[in-house]
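As a plain string of letters, each chain reads:
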Amino acid sequence: MDDLFIEDEIIDLRDKIAHHSDLYYKKNQFEISDHKFDKLVKRLQALEKKYPQYKINNSPTEIIGSDILSSSKIIQHKIRMYSLENAYSIEEIKEYIEKINDNRTINITTELKIDGFSINLYYENGKLQYATTRGDGFEGEDVTINIKTIKSIPIEINYNESIEIRGEIYLPKNEFVRINIEREENGEKLFANPRNAAAGSIKLKDSNVVASRKLDSIIYSVGLFKNAKINTQKELLEFLKKLGFNVVKYEHVTNIKEIINQCEVWERLRHDLEYDIDGLVIKVNNFDQQQKLGFTSKSPKWAIAYKFKAEEVETQLLGVDFQVGRTGAITPVARLKPVFISGSTVSNATLHNEDEIKRLDLRIGDYVTIIKSGEIIPKIIDVNYEKRESNSKDIEFPKACPVCETLLMRENDGAISYCNNINCPAQIKKRIEHFTSRVAVDIEGLAEAVVEQLINHKQISKIQDIYHIDFEEFRQYEKQGSKSAENLRNAIENSKTQKFHKILFGFGIRFVGAKISKILCSYFKNVDEIINASYEELVEIEEIGEKIAQSVYDFFRNENNILMINSLQDAGMKMISDNNIIEDTLSGAKFIITGTLERHSRNEIKEMIEQNGGKVISAVSKNLDYIIAGENPGSKLNKARKIESIKIIDESDFLQMIGKEN
Ligand code: AMP
Ligand code: ZN
């Protein structure tokens, strides 16, 4: 394959992984199964290994998906928290054991892999000091108040040394069902599964609600901990039990057969447990051996997760509905004869796009096999052609938008059809919801139902209308009143001072997720600079590929979008980056860093460049001012040598430039 395509694929994979990771860890939602997600990561890992020149620092293959929301209090972990490597077959488990064991006697613990929300509990002098989420593995969000509502987590323990205790918060399955029934009655959105419900609950602001949800905990490891008497995982788990923790179910095993047996037994018995598990964790028992094996940048080499296969059932396809997304993308959704699978009744499944329907050769009336991918979203994986009846019907993909009737467009590269009517009501509703969501501009009180009310009463038809709502009128709406009007008015008023990168994310530019928004805002000073950026300037930015650059460029060429921005500015939104340039020493000079530097990581240097008003770009061209070359520089250095205007400097030259060294 052409290298260019490889780079594209790598960037694309990175974007995708970042997107799904944010969705999962920050919003407690998902679009693809865990398995598919792991596959994306594995593919990226393989490509990065083969083409290290395209690998960037902080690639998602090296970092843990972060659950940290920007508004929260952050605490650094004393010892890092890791993720786990996954295996999907007994074969892979056998290979793993053989690889790590080189003829030693097998000494392993198998533990249930709790499908909950990981947590870090810090005790000092026998008292719980704080509780944090896993975050990005280095630091997590402070959730102490909510954790204190969980009865199985002791506030005091009989152990005076400083200790970090790690485990999982989960919602018992029956609690999950009870809460969802309650939510349905209240007209609230249902939780997709117990894991999402637990993750959502842990970050709630009202700890009374959290307390009412009966969260529970299961503990399986420690971070900071020194105890010469404890030398194995088994001893550790028993020690934690004695301290009063609810410790994970485990077995200590000494042969491969027993490991496999454990995997198979729990794959069958999992549904009898009162909580969800998504696999088994196989851990080297002996701490000395663990230490010898060490870690990758993301997970311990001394452990692996055996992930259960998703369950399959057959049901009938009754019809296909077509939904319009925020970007106008049309998604077919399968309507199924309701069927019970992996603990819940399912009546819909996503079909992604037209090609997926063709690939499956699917017809209405067909009998289909569905799985809950990653135990969550149902997906059709197979069609039983033998059972196809003569009256089965073709699935007709609409030529026009099912909501506004605009003729659909097809992207030249993709399988997806779009309604490109910027005023399409279906899209408007979703765009407004996106703009006001917590991860974007964060207007509490503009829930889906309220947005719908405002649209129906013709108060809003575009994002900027939010800032011109007539609250006298709003007060009269059903279920609303002076109080909710006042609250909403305040929330809207507060949103005007929202950070620029969150506003930019709220615009809902295709391919521009929370992370890319942040990157754009650290590179450009304000919205005008972004509007005026050329395609070349955009694509130059390190993390921004052609697809994103084109999408950003196009977005700001659209008159309606510019009108929106002007109107938001008139309403008082600033849209200025707070990338805290301390000094403008470098006054916009462009840099590339190549090779390994002696004293600082590339990221640290990058930060220094940005803090001093410089920019880091990705490609060598005449626009480049400096290339900072370290040990084993890449091909970029050779390229740079050919362009006279580019200055080649080393780390200490750079530090001198910004006055850090003389
Ligand atoms: P993943 O969510 O795919 O990164 O899987 C790794 C996570 O599994 C860890 O970060 C833990 O939160 C969780 N986990 C659940 N049960 C266990 C266990 N028994 N041992 C270690 N990790 C566990
Ligand atoms: Zn439409």
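What you see is a predicted model, and the numbers here were worked out from it, not measured in a lab. (Residues numbered from 1 in each chain as written. Chains lettered and ligands numbered in written order. Predicted model: local features only at pLDDT ≥ 70, side-chain atom pairs only at ≥ 80, totals over all residues. Heavy atoms only, no water.)

What to know about the overall build of the protein
And step 1. Looking only at helices and strands, the protein features 24 helices and 22 strands.
And step 2. Its C-alpha radius of gyration of 27 Å places the protein within 12% of the 26 Å reference for a compact globule of 662 residues.
And step 3. Within the span of the protein, comprising 662 residues, buried residues form 51% of the whole.
And step 4. Of all intrachain contacts in the protein linking residues separated by at least 6 positions in sequence, the fraction that spans at least 24 positions is 68%.
And step 5. Here the protein has roughly 32800 Å² of accessible surface; of this, 47% comes from carbon and sulfur atoms.
And step 6. With 92 positive and 104 negative side-chain charges, the protein shows a separation of 2 Å between the mean positions of the two kinds. (Helix = DSSP H or I, 4+ residues; strand = E, 2+ residues; numbered from the N terminus. Rg over C-alpha atoms; globule rule 2.2 N^0.38 Å. Buried < 20%, exposed > 50% of the residue type's maximum accessible area, 1.4 Å probe, protein only. Contact = heavy atoms within 4.5 Å. Areas by Shrake-Rupley, 256 points an atom, 1.4 Å probe, with all protein chains shown as cover. Lys, Arg positive; Asp, Glu negative; His and termini not counted. Charge placed at Lys NZ, Arg CZ, Asp CG, Glu CD.)

Looking at the site of ligand 1
And step 1. Around ligand 1 sit 14 residues, and of these S83, R134, E168, Y220 and K283 come closest.
And step 2. Between ligand 1 and S118, the relevant distance is 3.1 Å, taken from an oxygen atom to a side-chain nitrogen or oxygen of the residue.
And step 3. Relative to its unbound accessible surface of 490 Å², ligand 1 loses 89% to contact with the protein.
And step 4. Put simply, the parts of the chain that give the shell around ligand 1 at least two residues each are strand 3 (108–114) and strand 10 (277–284).
And step 5. Among the elements that make up the shell around ligand 1, the one with the highest residue count is strand 3 (4 residues). (Near = heavy atom within 4 Å. Polar contact = N/O pair within 3.5 Å; in protein donor to acceptor, adjacent residues only side chain to side chain.)

Points about the pattern of salt bridges
And step 1. Scanning the entire structure with this criterion turns up 31 salt bridges.
And step 2. The salt bridge partner of D276 is K173, with a shortest N-O separation of 4.0 Å. Of this pair, D276 sits in the loop between helix 9 (256–269) and strand 10 while K173 sits in helix 5 (residues 173–185); the two residues are 103 residues apart in sequence, bridging distant segments of the chain.
And step 3. Accessibility expressed as a relative area gives 25% for D276, which makes it partly exposed.
And step 4. Ionic pairing is found between R388 and D366, a salt bridge with its closest N-O pair at 2.8 Å. You can see R388 sitting in the loop between strand 16 (377–383) and strand 17 (409–410) and its partner D366 sitting in the loop between helix 11 (354–360) and strand 15 (367–373), a full 22 residues away along the chain.
And step 5. What makes R388 partly exposed here is its relative accessible area of 26%.
And step 6. Judged by relative accessible area, D366 falls into the buried class, the value being 0%. (Salt bridge = Lys/Arg side-chain N within 4 Å of Asp/Glu carboxyl O.)

Some details on the coordination of the zinc ion (ligand 2)
And step 1. Here the zinc ion (ligand 2) is held by C401 (SG), C404 (SG), C419 (SG) and C424 (SG), and the distances to it run 2.2 to 2.4 Å.
And step 2. What the 4 donor atoms of the zinc ion (ligand 2) show is an angle range of 96 to 117° at the metal, which sorts the shape as tetrahedral.
And step 3. Positions of the donor residues of the zinc ion (ligand 2), expressed as sequence spacing, correspond to C-x2-C-x14-C-x4-C. Of this pair, C404 sits in the loop between strand 16 and strand 17 while C419 sits in the loop between strand 18 (417–418) and helix 12 (425–436), and the two are 15 residues apart along the sequence.
And step 4. Given a relative accessible area of 1%, C419 falls into the buried group. (Donors = N, O, S within 2.8 Å, 3.2 Å for Na, K, Ca; no water. Tetrahedral: all angles 85-135°; square planar, octahedral: opposite > 155°, others 65-115°.)

A look at the layout of surface pockets
And step 1. Its volume calculated, the second largest pocket comes out at about 420 Å³.
And step 2. Lining the second largest pocket are 20 residues, with E85, Y96, K99, K301 and I304 sitting closest to its centre.
And step 3. Those elements giving two or more residues to the lining of the second largest pocket turn out to be strand 2 (86–87), helix 3 (90–101), helix 10 (287–293) and strand 11 (303–307).
And step 4. Among the elements that take part in the lining of the second largest pocket, helix 3 stands out by supplying 5 residues, more than any other.
And step 5. Grouping the amino acids of the lining of the second largest pocket by side-chain chemistry returns 7 nonpolar, 4 polar and 9 charged. (1 Å grid on protein atoms, 1.4 Å probe; cavity = no way out; pocket = protein on both sides within 12 Å on 5 of 7 lines; lining within 4 Å. Points joined across faces, edges and corners; volume = space filled by probe spheres on them. Nonpolar A, V, L, I, M, F, W, Y, C, P; charged D, E, K, R; others polar.)

A closer look at the domain arrangement of the protein
And step 1. By the assigned domains, the protein splits into domain 1 (3–54), domain 2 (74–307), domain 3 (313–398), domain 4 (425–495), domain 5 (500–570) and domain 6 (590–657).
And step 2. The centre of domain 5, based on its C-alpha atoms, is set 25 Å off from the matching centre of domain 6.
And step 3. Taken residue by residue, the interface counts 9 residues in domain 5 and 10 residues in domain 6.
And step 4. Both sides of the domain 5 and domain 6 interface together cover about 770 Å² of buried area, and 39% of this is carbon and sulfur. (Domains from an automatic or database assignment. Buried area = accessible area lost by both parts, 1.4 Å probe.)

Here we look at the sheet that holds strand 7 (residues 163–170)
And step 1. If you trace the 4 strands from one edge of the open sheet to the other, you get 5-4-7-8, paired in antiparallel fashion. Each end of this open sheet is capped by a strand with a single partner; those strands are strand 5 (127–133) and strand 8 (216–222). On average, each strand axis in the sheet is inclined to that of its neighbour by 30°, with strand direction left out of account.
And step 2. Here 6 bridges tie strand 4 (residues 117–124) to strand 5, and the two strands are oriented antiparallel to one another. Counted as the bridge partner of I119 is T133 from strand 5.
And step 3. Where helix 8 (residues 233–242) meets the sheet, its contacts fall on strand 7 and strand 8, and the angle it forms with strand 8 comes to roughly 140°. (Pairing = 2+ DSSP bridges. Axes fitted to C-alpha atoms, helices over the stretch in contact; angles between N-to-C directions.)

Quick look at the sheet that holds strand 19 (residues 590–594)
Note on sheets: strands pair through backbone hydrogen bonds, and any given pair is parallel or antiparallel.
And step 1. Strand order in the open sheet formed by 4 strands is 20-19-21-22, and the pairing between neighbours is parallel. Strand pairing shows two members of the sheet lacking a second neighbour, strand 20 (615–616) and strand 22 (647–649), which therefore form its edges.
And step 2. Bridge count for strand 19 against strand 21 (residues 626–629) is 4 bridges, and the pairing is parallel. By the bridge assignment for strand 21, I592 is matched with I627.
And step 3. Helix-sheet contacts for helix 22 (residues 602–611) involve strand 19, strand 20 and strand 21, and the interaxial angle to strand 19 is about 170°.

Here we look at unusual backbone geometry
And step 1. We note that K214 has phi near 55°; this positive angle belongs to a residue other than glycine.
And step 2. Turning to its location among the elements, K214 is positioned in the loop between helix 7 (207–212) and strand 8.
And step 3. Notably, D442 is not glycine yet its phi reads approximately 65°, a positive angle.

Considering the nonpolar core
And step 1. Core analysis: the largest hydrophobic core is formed by 68 residues, its most contacted members being L121 and I147.
And step 2. Excluding anything up to four places from it in sequence, L121 contacts L128, Y130, A131, I147, I153, I163, E164, I165, I219 and F245. (Core = buried A, V, L, I, M, F, W, Y, C linked by side-chain atoms within 4.5 Å.)

Re the side chain of S152
And step 1. Along the chain, S152 turns up in the loop between helix 4 (144–147) and strand 7.
And step 2. At 2.7 Å, the side chain of S152 and the side chain of S217 are in polar contact.

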